[in-house]
Amino acid sequence: MAEIGVLPSQALKRMIQQGEIRASDPVIDAQIQPASLDLRLGTTAYRVRASFLAGANVRVAERLDEFEMHRVDLRQGAVLEKGCVYVVPLMEALHLPPDVQAVANAKSSTGRLDLLTRTITDGGTEFDRVAMGYQGPLYAEICPRSFSVLVRAGMRLNQIRFRRGQAILSDTELMSRHRDVGLVGGEAIIDDGLAFSVDLRPEAGNLVGYRAKPHTGVIDLDRIGAYEPAEFWEDVRADSGRIILDPGAFYILVSREAVHIPLDCAAEMAPYLAMVGEFRVHYAGFFDPGFGHPDAGGTGSRGVLEVRCHEAPFVLEHGQTVGRLVYERMARIPDQIYGAGIASNYQGQGLKLSKHFKPT
């Protein structure tokens, strides 16, 4: 009987060998993560009039015929403009077994640039959700919100996680796990997942986050550690454990809790309920097995929060709950873990911008 849970790296390799994951260019080892597969941009971006879902029994290509404004060749690199919407066919396609489904999400560095990136499929009625047994192409919808970005074919902006069955840990199981291995540093607040709160009282100084500047240059996503933070970000400081979020502004903040994902689990930041506050937290929601794991150099790894305020100014207080982590069992422990022998940019992190910026 097939094992239930999130499929690990070794299962992804088998799916590639068996043709369940297909690609126009062969999948490379660097795409395979402990509990997900990085997806690569194809050679063409379609500038479209508006965001869309294909809808039941409709192909994305048919929608592109309706909404396309012009095409952008990505083979030599091209700028995706802030405030515009693009759809990019991905190099990967799927031929899933009938009992396997998938969920996609932006990669960490993508989310930290406020680069809204969502996966759409033929016949899809939800973003970032791939139905069981799906057979067809994958597309990325990309909308730069704060910065214009230079992208190229083959770049990896989003990732996909495969699962068989339902393996979400109940609150009772989470409490037991926390007692055994410690899911967070200190007290765990568990209610339909593990609660995340915001840190606005740092141990040293008063820097609590960053706010994106409204008028900046282009960020080349291939340039790592290349940009001065001050050219793109304003410091957010707080002496009273409180900040006011401005409507339309994008912030990078950090969780109060240090997070630990056991090796036999994966986690996802759940969508935040609008009724709790006038803001949204986290575009990039995947946490891999081994994140925050001491043996992989992750002690003290905190969750970086990507926050966008909506219609009204909103007061955010130190320790206020801003999201929750939903833990799932892995079908098996992956043969590689986050931070151990693979390129993991954010293991052991605190408040940190994306990898494109020089250390602050």
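Sequence positions are assigned chain by chain, starting from 1 and proceeding in written order. Side-chain atom pairs in this predicted model are given and counted only at pLDDT of 80 or more, local residue features only at pLDDT of at least 70, and totals for whole chains, interfaces and linings cover all residues. Computation of side-chain values: all heavy atoms of the structure, hydrogens and water removed.

Another point: the sheet that holds strand β6 (residues 78-80). The strand order across the open sheet built from 3 strands is β6-β12-β16, with neighbouring strands paired in mixed fashion. Two strands bound the open sheet, and with one partner strand each, they are β6 and β16 (219-220). Criterion used throughout: strands pair if DSSP finds at least two bridges between them. To qualify as a helix, a DSSP run of H or I must reach at least 4 residues; to qualify as a strand, a run of E must reach at least 2; elements of each kind are numbered from the N terminus.

Another point: unusual backbone geometry. Backbone geometry places D128, a non-glycine residue, at a positive phi of 65°. Exposure categories follow from relative accessible area, calculated using a 1.4 Å probe and restricted to protein chains: below 20% of the type maximum is buried, above 50% is exposed, and the middle band is partly exposed. A residue is classified by how much of its surface remains accessible, and D128, at 13% relative accessible area, is buried. Unlike most non-glycine residues, D192 shows phi in positive territory, near 60°. On the secondary structure map, D192 appears in the loop between α4 (171-181) and β14 (194-197).

A separate point is the packing of aromatic side chains. Remark: the centre distance and the inter-plane angle together describe each pair of aromatic rings, the angle taken between the planes. Aromatic pairs are defined between Phe, Tyr and Trp rings, using the six-membered ring for Trp, whenever the two ring centres lie within 6.5 Å; interplanar angles under 30 degrees are classed as stacked, those over 60 as edge-to-face, and all others as tilted. For the structure on display, the rule yields 10 aromatic pairs. Arranged with centres 5.6 Å apart and planes meeting at 80°, the rings of F147 and F232 form a pair that is edge-to-face. Of this pair, F147 sits in the loop between β11 (135-144) and β12 (149-151) while F232 sits in the loop between β16 and β17 (233-237), and the two are 85 residues apart along the sequence. Judged by its relative accessible area of 1%, F147 falls in the buried class. When its relative accessible area of 3% is taken as the criterion, F232 is described as buried. Judged by centre distance (6.2 Å) and plane angle (85°), the ring pair of F196 and F287 falls under edge-to-face. One end of the pair, F196, is in strand β14; the other, F287, is in strand β22 (residues 286-287), with 91 residues separating them in the sequence.

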